[in-house]
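Commentary on secondary and tertiary structure
What follows is each chain in one-letter form.
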Amino acid sequence: MNARRASILLLAGTFGCSVNVASLQVVAPHALSAGVAHTAVYRGWGDGESCRFWILAEFGLPQVDEATDNALRPLHGAFMRDAAVYSVHPVYGFFGWHCYRVVGEVFG
Amino acid sequence: MHRNSRRAERDRAAATAPPISDPQAVRRRTRWRSALRRFAFGVTLLAAGCTGTTGHLAVASTRAVDLQSLGSDSPARHAVGRSCIDLIVVVPTRMPNFGDAIAEALRATGGEALTNVRIGYEIVYVPFVYGVACYVVEGDAR
(Lines give C-alpha, C1' and ligand atoms only; values in the text may rest on other atoms or scores of the structure.)
Protein backbone atom coordinates (compact mmCIF):
# COMPACT_ATOMS: atom_id res chain seq x y z
CA MET A 1 0.00 0.00 0.00
CA ASN A 2 2.82 2.38 0.96
CA ALA A 3 4.72 1.54 -2.25
CA ARG A 4 1.60 2.29 -4.30
CA ARG A 5 1.16 5.60 -2.50
CA ALA A 6 4.82 6.46 -3.07
CA SER A 7 4.63 5.67 -6.79
CA ILE A 8 1.44 7.76 -7.17
CA LEU A 9 3.17 10.66 -5.41
CA LEU A 10 6.27 10.24 -7.59
CA LEU A 11 4.16 10.23 -10.75
CA ALA A 12 2.17 13.24 -9.57
CA GLY A 13 5.37 15.13 -8.85
CA THR A 14 6.99 14.27 -12.18
CA PHE A 15 5.90 16.52 -14.96
CA GLY A 16 7.25 19.06 -17.34
CA CYS A 17 6.34 21.36 -20.13
CA SER A 18 7.80 22.85 -23.27
CA VAL A 19 6.70 26.21 -24.62
CA ASN A 20 7.73 28.19 -27.67
CA VAL A 21 9.50 31.38 -26.58
CA ALA A 22 10.60 32.62 -30.01
CA SER A 23 10.22 31.99 -33.72
CA LEU A 24 13.12 33.57 -35.58
CA GLN A 25 13.70 33.91 -39.30
CA VAL A 26 17.46 34.34 -38.78
CA VAL A 27 19.69 33.70 -35.79
CA ALA A 28 23.47 33.65 -35.47
CA PRO A 29 25.34 33.34 -32.17
CA HIS A 30 28.60 34.78 -33.54
CA ALA A 31 29.41 37.58 -35.97
CA LEU A 32 29.28 36.33 -39.55
CA SER A 33 32.38 36.65 -41.67
CA ALA A 34 32.03 38.76 -44.80
CA GLY A 35 31.84 35.85 -47.25
CA VAL A 36 29.43 33.61 -45.34
CA ALA A 37 26.29 35.45 -46.41
CA HIS A 38 27.29 34.94 -50.08
CA THR A 39 28.54 31.37 -49.92
CA ALA A 40 26.33 29.77 -47.26
CA VAL A 41 24.56 26.58 -48.25
CA TYR A 42 21.91 24.53 -46.48
CA ARG A 43 23.58 21.93 -44.24
CA GLY A 44 20.62 20.21 -42.61
CA TRP A 45 18.30 20.36 -39.65
CA GLY A 46 19.92 21.47 -36.41
CA ASP A 47 18.80 20.76 -32.86
CA GLY A 48 20.63 21.98 -29.76
CA GLU A 49 20.02 22.49 -26.06
CA SER A 50 21.37 24.48 -23.14
CA CYS A 51 20.28 23.35 -19.67
CA ARG A 52 20.71 24.40 -16.05
CA PHE A 53 19.88 22.25 -13.04
CA TRP A 54 17.69 23.51 -10.23
CA ILE A 55 16.80 22.19 -6.83
CA LEU A 56 14.34 24.51 -5.06
CA ALA A 57 16.19 27.41 -6.76
CA GLU A 58 17.80 27.68 -10.17
CA PHE A 59 21.60 27.52 -10.56
CA GLY A 60 21.96 30.05 -13.37
CA LEU A 61 19.94 30.58 -16.52
CA PRO A 62 20.29 28.45 -19.66
CA GLN A 63 21.74 30.39 -22.59
CA VAL A 64 20.10 30.78 -26.01
CA ASP A 65 23.49 31.29 -27.73
CA GLU A 66 24.82 28.08 -26.16
CA ALA A 67 21.78 26.15 -27.45
CA THR A 68 22.21 27.69 -30.92
CA ASP A 69 25.93 26.82 -30.88
CA ASN A 70 25.06 23.24 -29.96
CA ALA A 71 22.64 23.07 -32.91
CA LEU A 72 25.19 24.52 -35.37
CA ARG A 73 28.34 22.65 -34.27
CA PRO A 74 27.60 19.13 -35.58
CA LEU A 75 26.82 20.58 -39.03
CA HIS A 76 29.64 23.16 -39.01
CA GLY A 77 27.02 25.85 -39.58
CA ALA A 78 27.27 29.61 -39.11
CA PHE A 79 23.63 30.63 -38.76
CA MET A 80 20.08 29.27 -38.68
CA ARG A 81 16.93 30.13 -40.56
CA ASP A 82 13.33 29.37 -39.50
CA ALA A 83 14.50 28.64 -36.00
CA ALA A 84 12.15 27.90 -33.12
CA VAL A 85 13.27 28.34 -29.52
CA TYR A 86 11.55 26.35 -26.79
CA SER A 87 11.75 26.74 -23.03
CA VAL A 88 11.70 23.19 -21.66
CA HIS A 89 11.06 22.38 -18.00
CA PRO A 90 11.35 18.73 -16.95
CA VAL A 91 10.38 18.74 -13.26
CA TYR A 92 10.89 15.88 -10.80
CA GLY A 93 9.27 17.09 -7.58
CA PHE A 94 11.71 19.49 -5.95
CA PHE A 95 14.38 19.36 -8.63
CA GLY A 96 14.59 19.54 -12.38
CA TRP A 97 16.16 21.32 -15.33
CA HIS A 98 15.41 24.48 -17.23
CA CYS A 99 16.53 24.20 -20.84
CA TYR A 100 16.40 26.19 -24.05
CA ARG A 101 16.06 24.05 -27.16
CA VAL A 102 16.73 25.56 -30.58
CA VAL A 103 15.67 23.79 -33.78
CA GLY A 104 15.90 25.04 -37.34
CA GLU A 105 17.65 24.97 -40.70
CA VAL A 106 21.42 25.27 -40.52
CA PHE A 107 23.42 27.21 -43.10
CA GLY A 108 27.17 27.64 -43.33
CA MET B 1 3.48 72.23 18.61
CA HIS B 2 2.12 69.77 16.08
CA ARG B 3 3.46 66.82 18.02
CA ASN B 4 1.79 68.02 21.23
CA SER B 5 -1.58 68.44 19.55
CA ARG B 6 -1.32 64.94 18.01
CA ARG B 7 -0.46 63.46 21.41
CA ALA B 8 -3.43 65.25 22.98
CA GLU B 9 -5.71 63.86 20.26
CA ARG B 10 -4.37 60.36 20.87
CA ASP B 11 -4.93 60.69 24.63
CA ARG B 12 -8.49 61.87 24.04
CA ALA B 13 -9.14 58.91 21.72
CA ALA B 14 -7.71 56.49 24.28
CA ALA B 15 -9.89 58.00 26.99
CA THR B 16 -13.07 57.65 24.91
CA ALA B 17 -12.29 54.09 23.63
CA PRO B 18 -14.01 51.33 25.58
CA PRO B 19 -11.50 49.83 27.99
CA ILE B 20 -10.50 46.21 27.39
CA SER B 21 -10.70 44.68 30.78
CA ASP B 22 -10.09 41.08 29.67
CA PRO B 23 -6.29 40.51 29.86
CA GLN B 24 -6.62 37.52 27.48
CA ALA B 25 -8.22 39.75 24.84
CA VAL B 26 -5.40 42.26 25.26
CA ARG B 27 -2.82 39.50 24.83
CA ARG B 28 -4.67 38.16 21.76
CA ARG B 29 -4.75 41.61 20.22
CA THR B 30 -1.05 42.17 20.90
CA ARG B 31 -0.19 38.77 19.44
CA TRP B 32 -2.36 39.45 16.37
CA ARG B 33 -0.71 42.84 15.78
CA SER B 34 2.75 41.37 16.22
CA ALA B 35 1.95 38.56 13.73
CA LEU B 36 0.56 41.08 11.24
CA ARG B 37 3.69 43.23 11.59
CA ARG B 38 5.93 40.16 11.09
CA PHE B 39 3.89 39.10 8.02
CA ALA B 40 4.17 42.58 6.48
CA PHE B 41 7.90 42.61 7.19
CA GLY B 42 8.27 39.14 5.64
CA VAL B 43 6.33 40.09 2.49
CA THR B 44 8.42 43.26 2.11
CA LEU B 45 11.58 41.23 2.57
CA LEU B 46 10.46 38.57 0.08
CA ALA B 47 9.17 40.96 -2.59
CA ALA B 48 12.05 40.22 -4.84
CA GLY B 49 13.27 41.55 -8.12
CA CYS B 50 15.70 39.57 -10.18
CA THR B 51 17.33 40.15 -13.54
CA GLY B 52 19.56 37.88 -15.57
CA THR B 53 21.01 37.50 -19.03
CA THR B 54 19.88 34.48 -20.96
CA GLY B 55 21.81 34.93 -24.17
CA HIS B 56 23.95 37.07 -26.46
CA LEU B 57 23.41 36.75 -30.20
CA ALA B 58 25.29 38.36 -33.05
CA VAL B 59 22.19 38.53 -35.29
CA ALA B 60 18.51 37.81 -34.67
CA SER B 61 15.42 38.69 -36.62
CA THR B 62 11.78 37.76 -36.89
CA ARG B 63 11.79 39.02 -40.49
CA ALA B 64 13.07 37.31 -43.61
CA VAL B 65 16.22 39.35 -43.98
CA ASP B 66 19.02 39.38 -46.51
CA LEU B 67 22.19 38.85 -44.47
CA GLN B 68 24.34 40.57 -47.10
CA SER B 69 22.61 43.86 -46.26
CA LEU B 70 23.64 43.66 -42.58
CA GLY B 71 27.19 44.94 -42.88
CA SER B 72 28.71 46.69 -39.88
CA ASP B 73 28.87 49.91 -41.93
CA SER B 74 25.07 50.04 -42.35
CA PRO B 75 23.45 52.59 -39.97
CA ALA B 76 22.25 51.15 -36.65
CA ARG B 77 19.87 52.40 -33.97
CA HIS B 78 19.85 51.05 -30.42
CA ALA B 79 16.53 49.35 -29.76
CA VAL B 80 14.83 47.73 -26.79
CA GLY B 81 11.81 45.43 -26.85
CA ARG B 82 9.92 43.73 -24.03
CA SER B 83 7.50 40.86 -23.70
CA CYS B 84 5.88 40.61 -20.26
CA ILE B 85 3.37 38.40 -18.49
CA ASP B 86 1.57 38.47 -15.14
CA LEU B 87 2.11 35.90 -12.43
CA ILE B 88 -1.06 35.54 -10.39
CA VAL B 89 -0.33 33.71 -7.11
CA VAL B 90 1.93 31.12 -8.79
CA VAL B 91 0.19 30.81 -12.16
CA PRO B 92 1.53 32.68 -15.20
CA THR B 93 -1.19 34.10 -17.48
CA ARG B 94 0.92 32.91 -20.49
CA MET B 95 4.63 32.63 -21.30
CA PRO B 96 6.74 35.65 -22.26
CA ASN B 97 8.17 35.40 -25.77
CA PHE B 98 11.51 36.97 -26.71
CA GLY B 99 10.58 36.64 -30.41
CA ASP B 100 7.80 39.14 -29.63
CA ALA B 101 10.33 41.35 -27.82
CA ILE B 102 12.62 41.30 -30.91
CA ALA B 103 9.63 42.05 -33.16
CA GLU B 104 8.68 44.98 -30.92
CA ALA B 105 12.22 46.40 -31.05
CA LEU B 106 12.25 46.09 -34.86
CA ARG B 107 8.79 47.62 -35.18
CA ALA B 108 9.82 50.60 -33.04
CA THR B 109 12.90 51.35 -35.15
CA GLY B 110 11.83 50.10 -38.55
CA GLY B 111 14.87 47.81 -38.67
CA GLU B 112 15.15 44.48 -40.46
CA ALA B 113 17.33 42.69 -37.89
CA LEU B 114 18.96 43.18 -34.52
CA THR B 115 22.73 42.82 -34.16
CA ASN B 116 24.76 42.60 -30.92
CA VAL B 117 21.66 41.30 -29.18
CA ARG B 118 21.36 40.82 -25.43
CA ILE B 119 18.42 38.76 -24.18
CA GLY B 120 17.57 39.48 -20.57
CA TYR B 121 15.03 38.04 -18.17
CA GLU B 122 13.46 40.17 -15.44
CA ILE B 123 11.07 39.20 -12.69
CA VAL B 124 9.47 41.16 -9.87
CA TYR B 125 7.43 38.97 -7.54
CA VAL B 126 5.70 39.13 -4.18
CA PRO B 127 5.65 35.40 -3.39
CA PHE B 128 2.22 33.79 -3.65
CA VAL B 129 0.61 37.15 -4.42
CA TYR B 130 1.55 38.72 -7.76
CA GLY B 131 4.47 39.25 -10.06
CA VAL B 132 5.56 40.37 -13.52
CA ALA B 133 8.08 38.46 -15.65
CA CYS B 134 9.60 39.86 -18.83
CA TYR B 135 12.02 39.08 -21.60
CA VAL B 136 13.92 42.25 -22.44
CA VAL B 137 15.81 42.30 -25.72
CA GLU B 138 18.22 45.04 -26.70
CA GLY B 139 20.50 45.46 -29.66
CA ASP B 140 21.35 47.53 -32.71
CA ALA B 141 18.52 47.63 -35.24
CA ARG B 142 19.72 47.73 -38.85
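Residues numbered from 1 in each chain as written. Chains lettered and ligands numbered in written order. Predicted model: local features only at pLDDT ≥ 70, side-chain atom pairs only at ≥ 80, totals over all residues.

Before going further, it helps to examine the confidence of the model for chain B. Residues at a pLDDT of 70 or more form 81% of chain B, whose mean pLDDT is 85. For this predicted complex, the interface score ipTM comes out at 0.85, while the overall pTM is 0.76. (pLDDT = per-residue confidence, 0-100.)

Before going further, it helps to spend a moment on the interface of chain A and chain B. Between chain A and chain B, the residue contacts involve 22 residues of the former and 22 residues of the latter. Counting only elements with at least two residues in the side of chain A that touches chain B, the list comes to strand S1 (14-28), helix H2 (36-39), helix H3 (64-72) and strand S4 (79-92) of chain A. Across the side of chain A that touches chain B, the residue classes break down as 15 nonpolar, 6 polar and 1 charged. (Contact = placed C-beta atoms within 7 Å. Helix = DSSP H or I, 4+ residues; strand = E, 2+ residues; numbered from the N terminus. Nonpolar A, V, L, I, M, F, W, Y, C, P; charged D, E, K, R; others polar.)

Turning our attention to helix H3 (residues 98-109) of chain B. Residue and element names in this part refer to chain B. Between the first and last C-alpha of H3 there are 17 Å, a value that for 12 residues agrees with the 16 Å anticipated at 1.5 Å per step. Buried within H3 are the following residues: Phe98, Gly99, Ala101, Ile102, Ala103, Ala105 and Leu106. The first or second residue beyond H3 is Gly110, which carries a positive phi of 75°. (Expected span 1.5 Å × (residues − 1). Buried ≥ 20, exposed ≤ 12 C-beta atoms within 10 Å, placed from the backbone.)

Here we come to the environment of Glu58 of chain A. Residue and element names in this part refer to chain A. Within the secondary structure, Glu58 is located in strand S3 (residues 57-58). When the C-alpha positions of Glu58 and His98 are compared, they lie 8.1 Å apart, and in sequence the two are 40 residues distant. Those residues in contact with Glu58, other than ones at most four positions away along the chain, are Arg52 and His98.

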